[in-house]
Number of protein chains: 2
Amino acid sequence: MDQSAAEIAGRLGAGRVAEPPGALPQPAQRLDNAGPVRDYEVEVAVERLCLDSTSHRNLRERANGEPDGIGELIAEIVSSRGKMHNPETDSGGILLGTVAATGAAVADAPQIGTRVASLASLTLIPLRLESVDHVDPDSPQVDVTATAYLFDATGWASMPEDLPENKALELFDVCAAASQVRALSAGAETVCVLGAGHAGKLSLPAARDSAPDATLVCADVDRGALDAVAELGLCDIAVATDLRDPLGALAAVRDAGAEPADLTIVVVNAPNCEAAAALLTADGGTVLFFSMATRFSAAALAADGIGAELRMIVGSGYAPDQGDYALELVRGSEPLRRALGIELVAA
Amino acid sequence: MDQSAAEIAGRLGAGRVAEPPGALPQPAQRLDNAGPVRDYEVEVAVERLCLDSTSHRNLRERANGEPDGIGELIAEIVSSRGKMHNPETDSGGILLGTVAATGAAVADAPQIGTRVASLASLTLIPLRLESVDHVDPDSPQVDVTATAYLFDATGWASMPEDLPENKALELFDVCAAASQVRALSAGAETVCVLGAGHAGKLSLPAARDSAPDATLVCADVDRGALDAVAELGLCDIAVATDLRDPLGALAAVRDAGAEPADLTIVVVNAPNCEAAAALLTADGGTVLFFSMATRFSAAALAADGIGAELRMIVGSGYAPDQGDYALELVRGSEPLRRALGIELVAA
């Protein structure tokens, strides 16, 4: 392997893969989570995991909502895989901690002691868990004592000083949605957001920013979450409907006065919403699948099943702006802050 | 339900769903495959199924390559689901047959006796199987005696008169790739096609058509398939490499002189090639996942894992041109016909 190949392998963390040989860290079955920090890594003393919404829902259901059970499932997964990569949902989340050491070859190495959030998925980050310290079943955020190694290639963000850390972490977990929605919304007349959780709340102002005259529709089965979004003016039309029933959802959304969407954004954490997404979208329109509960084949065949030409996009967790745009939206929108329960603090 | 909702439901075949209630036919667990033909349907006397590549590979492996075993698996699947929807790959294929009856409400109903291929996936077509008549384990085409009901919304194509039927069927199974590759290739300097099967062979001339000056790269683990593609001039650079080993594949493709791709097209029928696809693509480039072996989470997290901004697209089986562009490519390119083993016949 020549120098450049070795460098690429190092920056991607290939040397951390324990099984199977040749894999990259994300799809790998198991990572080597042992210290010390390597050349292209940043070592973080981890205080908190922020599970992605689909994984959190899965763990809560499997543990019947019991905090101890959720903690045990987390410990089992990290113990067997060397990373918090939920095998049932194939998804992770992000983490919060303090930089403890940096490898010799890291570009733009952060200062020791800097508080950082990982922006790359937990599914690719070597993690050594000492203890699960606190679990609230209703929150995806779990307090832990652990050590993680962030790869040079996959990025992190310094924690902002004007947001409470738990709120900043929630935001970083879904921040990539904001930039992607902004890019895809340009010129849209109707944008439909499926899911009124954090990613949905953030997607709506991003669409408004990019397409100020568009009608924004938000649909979710949870009427409470939906009412909050509607009352704050984040959307123009709110529809309480079960998206797993595509014809029912179509009827409900049309009855509420919404036209076929130029852009539909899927940010629900429940499976089997692909058909509804396709059905709610105009022929020639775009569907952004951001939810980790999406099944590829169901998405690929959804357009087939309704005989429509759709551009279907796999949402990426990668945020080249390191969350800056999401922070900008939050700082600039009082309704969004209220929807997310964020109060800015003096820096 | 008002008239228009009933009409939508009818055209999508919602009344054919036996389980679960409220689903559309594609994601449904089981369809009602009983006659007679309904208002928005075309009844077809089916002679042949053309399994999609991923399902064919799966069935062949499960039956250890035995024709009878493959036939039994097909019979079991259709018996339990009312459709040829492989539950392990979540994929189907297409069918060939003769129009036997048409429902009263079908728009542009084909003549009785017309030979047609379904363009929509077998995963959504009610199918009643009488017998599996011939299986060649090396071919995805299986002779059967069966009855199918095609929905008005999801389309079919008349069989062309200048191609042998088995070759036309192979082509229709992957024809949607051609139009999508054409649209996405415009302006590309390097296009990388992962997989040298039918979809790969068809994608290369589509890219050449749209981006005549682009360097076309084809990578596959099967050196024989690759050599054929290279010798016929369908690609400029051919690389024999195992795409499940992303760093090995990256080294092999770069050693062969290929630059990072503006567009990478994934048409392999093996799983775990998502990371290689992401790694071979330039920052800011596009990945088209056309393979039904793609996992959504692996694709979504692939960009994350390498820290690159990629536009990742879910390939759709829907072909609004009903295969016309793929036929045009075949008729216009002698090398493509040789690659696909097609000899045009007098109409």
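### Regarding the interface of chain A and chain B
1) Next: Taken together, the 50 residues of chain A in the interface contact 49 residues of chain B.
2) Next: Considering only the surface of chain A that becomes buried against chain B, A:Phe296, A:Asp304 and A:Val314 emerge as the three largest contributors, covering 18% of it.
3) Next: Our enumeration of links across chain A and chain B arrives at 2 salt bridges.
4) Next: The partner of B:Asp90 in a salt bridge is A:Arg295, and the shortest N-O contact between them spans 2.3 Å.
5) Next: Taken together, the connections running from chain A to chain B amount to 12 residue pairs in polar contact (both at pLDDT 80 or more).
6) Next: Of all the elements in the fold, those that place two or more residues in the side of chain A that touches chain B are α1 (3-12), α7 (246-255), α8 (274-279), α9 (296-306) and β14 (311-314) of chain A.

### So, the relation of the copies chain A and chain B
1) Next: Superposing chain A onto chain B takes a rotation of 180° combined with a translation of 0.0 Å along the rotation axis, leaving an RMSD of 0.0 Å. What the superposition gives is, in effect, a two-fold axis relating one chain to the other.
2) Next: By residue overlap, the copies meet face to face through one surface: 98% of the interface positions of chain A are interface positions in chain B.

### Describing a negative patch on the surface
1) Next: Negative charge collects at one region of the surface, where A:Glu66, A:Asp68, A:Glu72 and A:Glu76 lie side by side.
2) Next: Locating A:Glu72 in the fold gives a position in helix α3 (residues 67-81).

### Points about the side chain of A:Ser297
1) Next: Structurally, A:Ser297 can be placed in helix α9.
2) Next: Contact partners of A:Ser297, with chain neighbours within four places excluded, come to B:Asp90 and B:Met292.

### Some thoughts on the pairing of strand β12 (residues 261-266) of chain B
All names here are of chain B.
1) Next: Most of β12 is tucked away: 5 of the 6 residues are buried.
2) Next: Strand direction decides the pairing type here: strand β9 (residues 190-194) and β12, joined by 4 bridges, are parallel. Considered in β12, the bridge of Leu194 is made with Val266.
3) Next: Here β12 pairs with strand β13 (residues 281-289) via 5 bridges, running parallel. In the sheet register, Thr264 faces β13, and the bridge partner there is Val287.
4) Next: As a crossover connection, the stretch from β12 through helix α8 (residues 274-279) into β13 is right-handed.

### Notes on the pattern of salt bridges
All names here are of chain A.
1) Next: Scanning the entire structure with this criterion turns up 28 salt bridges over all chains.
2) Next: A salt bridge links Asp242 to Arg244, with the shortest nitrogen-to-oxygen separation between them at 3.1 Å.
3) Next: Judged by relative accessible area, Asp242 falls into the partly exposed class, the value being 30%.
4) Next: Among the ionic contacts, a cluster of salt bridges with common partners joins Glu47, Arg115 and Glu165.

### Description of the sheet that holds strand β13 (residues 281-289) of chain A
1) Next: Taken in spatial order, the 12 strands make up an open sheet running β11(A)-β10(A)-β9(A)-β12(A)-β13(A)-β14(A)-β14(B)-β13(B)-β12(B)-β9(B)-β10(B)-β11(B), and their pairing is mixed. Both edges of this open sheet fall to β11 (237-240) of chain A together with β11 (237-240) of chain B, since each of them pairs with a single strand only. The average undirected angle you get between the axes of adjacent strands in this sheet is 20°.
2) Next: Where β13(B) meets strand β14 (residues 311-314) of chain B, 4 bridges bridge the pair, whose relative direction is parallel. Bridging across to β14(B), B:Thr286 finds its partner in B:Arg311.
3) Next: Each of β9 (190-194), β10 (215-220) and β12 (261-266) of chain A is contacted by helix α5 (residues 198-210) of chain A, which is oriented at about 170° to β10(A), the strand it contacts most.

### Structural notes on the sheet that holds strand β4 (residues 93-102) of chain B
Residue and element names in this part refer to chain B.
1) Next: As summarised here, the arrangement of the 6 strands in space is β6-β7-β3-β4-β5-β8, forming an open sheet in which the pairing is antiparallel. Where the open sheet ends on each side, the last strands, each with one partner, are β6 (127-135) and β8 (156-158). Strand-to-strand twist in this sheet, taken as the mean axis angle between neighbours without regard to direction, amounts to 30°.
2) Next: Sheet topology places β6 next to strand β7 (residues 141-151); 7 bridges connect them, and they run antiparallel. Bridged to Leu129 within β7 is Ala146.

### With respect to the packing of aromatic side chains
Two descriptors summarise a pair of aromatic rings, namely the distance from one centre to the other and the angle between the planes of the rings.
1) Next: All chains considered together, the criterion is met by 0 aromatic pairs over all chains.
2) Next: The ring of A:Tyr149 carries the charged tip of A:Arg16 above its face, separated from the ring centre by 4.3 Å.

### Let's talk about the environment of A:Thr190
All names here are of chain A.
1) Next: Residue placement: Thr190 occurs in strand β9.
2) Next: Considered as a pair, Thr190 and Ala282 are 92 residues apart in the sequence and their alpha carbons are 9.4 Å apart.
3) Next: Contact partners of Thr190, with chain neighbours within four places excluded, come to Ala214, Thr215, Val217, Glu259, Pro260, Ala261, Asp262 and Leu263.

Cut-off values and rules
- Residues numbered from 1 in each chain as written.
- Chains lettered and ligands numbered in written order.
- Predicted model: local features only at pLDDT ≥ 70, side-chain atom pairs only at ≥ 80, totals over all residues.
- Heavy atoms only, no water.
- Contact = heavy atoms within 4.5 Å.
- Buried area = accessible area lost by both parts, 1.4 Å probe.
- Salt bridge = Lys/Arg side-chain N within 4 Å of Asp/Glu carboxyl O.
- Polar contact = N/O pair within 3.5 Å; in protein donor to acceptor, adjacent residues only side chain to side chain.
- Helix = DSSP H or I, 4+ residues; strand = E, 2+ residues; numbered from the N terminus.
- Least-squares fit on C-alpha atoms with pLDDT ≥ 70 in both.
- Patch = residues over 30% accessible without salt bridge, like charges linked within 9 Å, V, L, I, M, F, W, Y side chains within 5 Å.
- Areas by Shrake-Rupley, 256 points an atom, 1.4 Å probe, with all protein chains shown as cover.
- Lys, Arg positive; Asp, Glu negative; His and termini not counted.
- Charge placed at Lys NZ, Arg CZ, Asp CG, Glu CD.
- Buried < 20%, exposed > 50% of the residue type's maximum accessible area, 1.4 Å probe, protein only.
- Pairing = 2+ DSSP bridges.
- Right-handed = clockwise from strand over helix to strand, strands pointing away.
- Axes fitted to C-alpha atoms, helices over the stretch in contact; angles between N-to-C directions.
- Phe/Tyr/Trp six-rings, centres within 6.5 Å; stacked < 30°, edge-to-face > 60°.
- Lys NZ or Arg CZ within 6 Å of the ring centre and 35° of its normal.

Coordinates in, geometry out; function isn't part of it.
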